[in-house]
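# Coordinates in review
Read off the chains here:
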Amino acid sequence: MRTSISILFLAAEAEPFIKIGGLADVAGSLPLAMRALPNRKTGGILLDVALALPLHSVIRQDGLGLHLIMEYSIPHGSSSIPVQVFQTSLRGMPVYFFSGSLFSTGGKVYSGDPAEDRRKYTYFCLAVFEFLRRMDKPVDIVHANDWHTSLVLYALRSLPENDPRSQVRKVLSVHNLPYMGGDASDTLSAFGLLPVRDELLPKWALTQPLPLGLWSADAIIPVSPTYAREILTPEYGCDLDPFLRAHSDRITGILNGIDVDTWDPGRDEILNQKFNSHSMQMRSANKIALQKELELPVDHSIPLIISIGRVDWQKGLDLAYAALRQKIGYSWQFILLGTGDPVLESEARALQTEYPNRVRAVIRFDAGLSRRMYAGADLILMPSRYEPCGLAQMIAMRYGCLPLVRATGGLKDSVRDGETGFIFQDATNISLADGIQRALDLYSQPALWENSQRKAMNEDFSWQRSAQQYANIYLSLSPIQKSLI
Ligand code: ADP
């Protein structure tokens, strides 16, 4: 009798190999958390999870211990494109890297050229699809994440029943519904993927990778329970809501976790001063070090507000700039760390020029600085217009920085209003400014503020609970569990 289920987890990025955003945190930690689930939590079944990633040329290969395990070609138009598969391991988990000409040229994980990205990720998906046929041990479940890896599910669903891969069960996590990949009709036909028909999907969706992944998936997992409900509505459903409502029995929202070993202020070597919830008073050394690092006036009593993440309309940064201006009569400092939309970036720089003694706009990706900010700041703003899960608020809480978040998606599911942070309702600068006011009021009562910080730091955002929920879905899909129930 079989005692394990084999799962191939696919993503465009994963820590510690390459990180652009939250997906890398998830793909670098959830598969490991599922492998580590004790046997008693999975009915004695081992979840044998492996990770598959594109070998982007920005990934530094030295020290990764990659070895070539397979070479083959996949059809493309009237010719074919060669693929190399390399293997290494991450804390005992097999990691497969797929390489080939379409990864060597572009370099970046997301090039910014939608057509190039579609070609690259379709190629990756079909390389994985062929790998599934060639692997020694059959895979039971393929778990794709977002549009980049959705087409593996589509290719699997398009198989005739006599192909053994048609038995593979298909799971799709949705980290950001509006990012669907764009019109891939040219790429799909070049790679030999046939069109689909479905009356519940709008015509434009039939050639886009994410909708095709949703159409193919046995289980759809939006990354928080609230987002799972939101995408069923016209407001958040991006015109896929009729299809999603009709298939709501396949949808389960599961809140992401964070890797609590990597995100640990008690062991974070990059901090000026390590601390934990019992040594909160030591935290202010980090605030002072941060103010010095960014040449802000050094004063531990000034509320230090931050924003870390993609500078994007989704994240509501325009609301943040406006709300901060509204609260100019109060004492605060603001540091933004992020990159993205050039207009919003330059508005952040303009805010710094306007208030050089209060504002710093740090327009770059800087993992070390992000840690020093989580550890030194008092309040993080997350006024997202929508937020499937959001990790920054969880990381911030773990580092004793209280989140002020909009009541949407995973923000709503992870912050307790008035206890571990602050929640505001409307995506308007007025509503956000009211939230800032509430935070400033609490900040002026140090004992109450510290009490909230302690509660926030003691929240359990480890992957364990979510990994268990994912495991339950895998088990419900797998043929061996059917014999167990
Ligand atoms: P996203 O929608 O981008 O996935 P999340 O809040 O889920 O947003 O995750 C963002 C992750 O990326 C967090 O770990 C955050 O610390 C990190 N991050 C984002 N931008 C930057 C940056 N400019 N420098 C350092 N870390 C960043």
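That block above? That's the structure.
Residues numbered from 1 in each chain as written. Predicted model: local features only at pLDDT ≥ 70, side-chain atom pairs only at ≥ 80, totals over all residues. Heavy atoms only, no water.

Now for the side chain of Glu130. By the secondary structure assignment, Glu130 is in helix α3 (residues 114-134). For Glu130, a relative accessible area of 13% gives the class buried. With residues near it in sequence (within four places) discarded, Glu130 still touches Tyr72, Ile74 and Arg165. (Helix = DSSP H or I, 4+ residues; strand = E, 2+ residues; numbered from the N terminus. Buried < 20%, exposed > 50% of the residue type's maximum accessible area, 1.4 Å probe, protein only. Contact = heavy atoms within 4.5 Å.)

A few words now on the packing of helix α4 (residues 146-157) against helix α6 (residues 209-216). Direction vectors running N to C along α4 and α6 enclose 45°, while the axes themselves pass 7 Å from each other. Taken together, the axes of α4 and α6 lie oblique to each other. Like other packed secondary-structure pairs, α4 and α6 cross with a definite hand, here left-handed. Every residue of α6 that contacts α4 at Asp146, Trp147, Ser150, Leu151, Leu153, Tyr154 and Arg157 is listed here: Pro209, Leu210, Leu212, Gly213, Trp215 and Ser216. The residue inventory of the contact of α4 with α6, partitioned by class, reads eight nonpolar, three polar and two charged. (Axes fitted to C-alpha atoms, helices over the stretch in contact; angles between N-to-C directions. Parallel < 35°, antiparallel > 145°, perpendicular 65-115°, else oblique. Left-handed = near helix turned anticlockwise from the far one by under 90°. Nonpolar A, V, L, I, M, F, W, Y, C, P; charged D, E, K, R; others polar.)

An ideal rise of 1.5 Å per residue puts 18 Å on 13 residues; helix α16 (residues 446-458) measures up with 18 Å between its terminal C-alpha atoms. Listing the buried residues of α16 in full gives Trp449, Ser452, Gln453, Ala456 and Met457. The arc that holds every buried residue of α16, seen down its axis, measures 135°, which confines them to one face. Across from the buried face of α16, at angles greater than 90 degrees, the exposed residues are Ala447 and Asn458. Contact partners of the buried residues in α16: β12 (379-382), α13 (392-398), β13 (402-406), β14 (422-424) and α15 (429-443). (Expected span 1.5 Å × (residues − 1). Arc of directions from axis to C-beta.)

A few words now on the sheet that holds strand β1 (residues 4-10). With respect to topology, eight strands assemble into an open sheet ordered β3-β4-β5-β2-β1-β6-β7-β8, the strand pairing being mixed. Both edges of this open sheet fall to β3 (67-76) and β8 (219-222), since each of them pairs with a single strand only. Averaged over all adjacent pairs, the angle separating strand axes in this sheet is 25°, with direction ignored. For β1 and strand β6 (residues 141-145), the ladder comprises three bridges, and the chain directions are parallel. Looking at the pairing, Leu8 lines up with Val142 of β6. On top of the sheet, α3 reaches β1, β2 (46-54), β3, β4 (79-90), β5 (93-99) and β6; it is set at about 115° to β3, its chief contact. (Pairing = 2+ DSSP bridges.)

Following both chains from N to C, one finds α15 and α16 inclined at 110°, their axes separated by 6 Å at the closest point. Classified by the interaxial angle, the pair formed by α15 and α16 is roughly perpendicular. Contact residues: Ala439, Leu442 and Tyr443 in α15; Pro446, Leu448, Trp449 and Ser452 in α16. Taken together, the residues of the contact of α15 with α16 sort by class into six nonpolar, one polar and no charged.

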